[in-house]
Amino acid sequence: MSGHVVTAPPDRVTVAACQIDVPAVRQDPSVLRSTILRAVDRGARLVVLPELTACAGILRTPAEARAVAEPLDGPTVRSLQEASAATGCVVVAGLAEQGDDAVVHNSAVVLDAGRLVGVYRKVHPWGAERDAFDLGDAPPLVVDTSAGRVGVMVCYDLEFPEWVRLAAQDGAEVLAVPANWPLRDTGHRTDPFEVVKARAAAATYRLNVVVADRCGLEQGVDWYGASLVADVDGRLLAGPACADSGSATSMIVLAEVDLAAARTKTLGSHNHALDDRRPDLYA
């Protein structure tokens, strides 16, 4: 991950949140490559894929996680690298990462023109994930890429404002979030609270947010399929992709985001999203 030279990105860039039926990926791993190629053909320079994008989304024990985990030089990352190299795009994708000494992380990799430029390991576990995975202990990843300065976190991490603030303070212009949002209330299928939180995160710290959710029924669990793109004011530029009824489907949600807007944290003539904080009073 060293020696990576990044040319200056434009002030505006097209991003893609790729909503994928992950059970289908397990049957045909080439779905990931073809999805990336379709997104780039539609203009995307940053392509975000779901959490645990090539394996089961429901992992409850260390044994289940180890059974699907891959090293960073394993087949999934190699395939993603090939697609990133062929298109010159930036890819952010989740995987079960096999580390040393049987350690398994719920991770996200960042690839730029085929190069592995960063790895983030999920810090905040949802449900039984705390039993299946070893937790990360590093702050949100923020890395310069050819598609802008990209911050990365995974799913539930996004719901902690302190975590988003760290990415914003480190200069993230766009926050890429591989996610698995399980459907919990069929009465609110098209308006999940996770979408509200994603928009609030974008607006609170003025950074663009791209969430790639999964879809497809899995072990009796359905997923919202609420992939989206929100701008620095919290406005939905694309998505959420969830259906009015029935299960969500695979799709690519695209929008052009303003990177330059995320570099300015001012709110009118008097306020600033970061400088107005009073951390001395928050202890």
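In case you missed it, the structure is sitting above this.
Right, let's walk through the structure included here.

Quick notes on the rules
Counting restarts for each chain, with residues numbered from 1 along the sequence as it is written. Confidence filtering applies because this is a predicted model: local features only for residues at pLDDT of at least 70, side-chain atom pairs given and counted only at 80 or more, and all residues used for totals across whole chains, interfaces and linings. Each side-chain value is worked out from all heavy atoms of the structure, with water and hydrogens disregarded. Helix numbers and strand numbers start at the N terminus; a helix is a DSSP run of H or I with at least 4 residues, a strand a run of E with at least 2. Only heavy atoms matter for contacts: two residues are in contact if any of them lie within 4.5 Å across the pair. Computed with the Shrake-Rupley method and a 1.4 Å probe, the accessible areas treat only the protein chains shown as cover for residues. His is not counted, nor are the chain ends, whereas Lys and Arg count as positive and Asp and Glu as negative. For this purpose, a charge sits on NZ of Lys, CZ of Arg, CG of Asp or CD of Glu. Throughout this description, the term salt bridge denotes a Lys or Arg side-chain nitrogen within 4 Å of a carboxyl oxygen of Asp or Glu. Burial here depends on accessible area, computed with a 1.4 Å probe over protein chains only, as a share of the maximum for the residue type. Under 20% is buried, over 50% is exposed, and the range in between is partly exposed. By convention, a stacked pair of Phe, Tyr or Trp rings (six-membered ring in the case of Trp) has centres within 6.5 Å and planes under 30 degrees apart, an edge-to-face pair has planes over 60 apart, and any other such pair is tilted. In what follows, a disulfide is any cysteine sulfur pair within 2.5 Å. Between any two strands, pairing holds if DSSP finds at least two bridges. Here the axes come from fitting lines to C-alpha atoms, over the contacting stretch only for helices, and the angles between their N-to-C directions go from 0 to 180 degrees. Between N or O atoms, a polar contact is any pair within 3.5 Å; within protein, one atom must be a potential hydrogen donor and the other a potential acceptor, and residues adjacent in sequence are included only when both atoms are from side chains. In this scheme, a helix's expected span is set at 1.5 Å multiplied by one less than its residue total. The directions considered for the arc are those from the helix axis to the C-beta atoms.

**Observations concerning the overall build of the chain**
Link 1 in the chain: Each helix and strand in the chain was counted, giving eight helices and 15 strands.
Link 2 in the chain: Taking the principal axes of the C-alpha coordinates as reference, the chain spans close to 55 × 45 × 40 Å.
Link 3 in the chain: In the chain, 71% of the contacts between residues at least 6 apart in sequence involve partners at least 24 apart.
Link 4 in the chain: As presented, the chain carries roughly 11900 Å² of accessible surface, and 50% of it is formed by carbon and sulfur atoms.
Link 5 in the chain: Where the 26 positive side-chain charges of the chain centre and where its 37 negative ones centre are 2 Å apart.

**Some thoughts on the pattern of salt bridges**
Note that side chains of opposite charge can pair when their charged atoms are close.
Link 1 in the chain: Applying the stated criterion to the full structure yields 16 salt bridges.
Link 2 in the chain: For the salt bridge of Asp233 with Arg206, the shortest nitrogen-to-oxygen distance reads 2.9 Å. Linking Asp233 in the loop between β11 (228-230) and β12 (236-238) with Arg206 in the loop between α7 (193-205) and β9 (208-212), this pair joins segments that are 27 residues apart in sequence.
Link 3 in the chain: Among the residues examined, Asp233 registers a relative accessible area of 41% and is labelled partly exposed.
Link 4 in the chain: On the accessibility criterion, Arg206 (11% relative accessible area) is buried.
Link 5 in the chain: In this structure, the salt-bridge partner of Arg278 is Asp280, at a minimum N-O distance of 3.7 Å.
Link 6 in the chain: According to the relative accessible area criterion, Arg278 is partly exposed, its value standing at 44%.
Link 7 in the chain: For Asp280, a relative accessible area of 56% corresponds to the exposed category.
Link 8 in the chain: A network of salt bridges, in which partner residues are shared, links Arg206, Asp231, Asp233 and Arg235.

**Details of the packing of aromatic side chains**
Link 1 in the chain: Summed over all chains, the structure comprises two aromatic pairs.
Link 2 in the chain: Ring centres of Trp126 and Tyr156 lie 5.0 Å apart, and the angle between their planes is 75 degrees; on these two criteria the pair is classed as edge-to-face. Pair noted here: Trp126 is in the loop between β5 (115-121) and α5 (129-132) and Tyr156 is in the loop between β7 (148-152) and α6 (161-169), with a separation of 30 residues, a long-range link.

**Things to note about the state of the cysteines**
Link 1 in the chain: Counting across every chain of the model gives zero disulfides.
Link 2 in the chain: Just so you know, Cys215 is unpaired, no disulfide at all, and the nearest cysteine sulfur is the one on Cys18, 11 Å from it.
Link 3 in the chain: When its relative accessible area of 1% is taken as the criterion, Cys215 is described as buried.

**Some remarks on the sheet that holds β12**
Link 1 in the chain: Strands sit in the order β6-β7-β8-β9-β11-β12 across an open sheet of six strands; the sheet is mixed. On the outer flanks of this sheet lie β6 (141-145) and β12, each paired with one strand and no other. For this sheet, the mean inter-axis angle between neighbouring strands, taken without regard to orientation, is 25 degrees.
Link 2 in the chain: Where β6 meets β7, five bridges bridge the pair, whose relative direction is antiparallel.

**Notes on the pairing of strand β3 (residues 90-98)**
Link 1 in the chain: Taken across its nine residues, β3 has eight buried, putting it largely inside the fold.
Link 2 in the chain: With three bridges joining them, strand β2 (residues 46-48) and β3 adopt parallel strand pairing. When the sheet's bridge partners are listed, Leu46 is paired in β3 with Val90.
Link 3 in the chain: Linking β3 back to strand β4 (residues 104-112) in an antiparallel pair, the connection comprises five residues, with Asp101 at a positive phi of about 55 degrees.

**Description of the environment of Arg214**
Link 1 in the chain: Assignment of secondary structure puts Arg214 in strand β10 (residues 214-215).
Link 2 in the chain: Put simply, Arg214 and Ala132 are 82 residues apart on the chain and 19 Å apart in space, counted from C-alpha to C-alpha.
Link 3 in the chain: Reaching out from Arg214, the side chain makes a polar contact with the backbone oxygen of Leu52 at a distance of 3.4 Å.
Link 4 in the chain: Engagement of the side chain of Arg214 in a polar contact is seen with the side chain of Asn180, the distance being 3.1 Å.

**Concerning helix α2 (residues 30-41)**
For an α-helix the count is 3.6 residues per turn, leaving residues at separations of three or four pointing the same way.
Link 1 in the chain: Under the 1.5 Å per step criterion, the end-to-end length of α2 is 17 Å for twelve residues, consistent within 8% with the ideal 16 Å.
Link 2 in the chain: Taken as a whole, α2 has its buried residues at Leu32, Thr35, Ile36, Ala39 and Val40. Down the axis of α2, the buried side of the element spans an arc of 130 degrees, and every buried residue falls inside it.
Link 3 in the chain: Where α2 is buried, its residues contact β1 (12-21), α1 (22-27), β2, α4 (75-87), β3 and β13 (251-258).
Link 4 in the chain: Trailing α2 by a residue or two, Gly43 shows a phi angle of about 110 degrees, which is positive.

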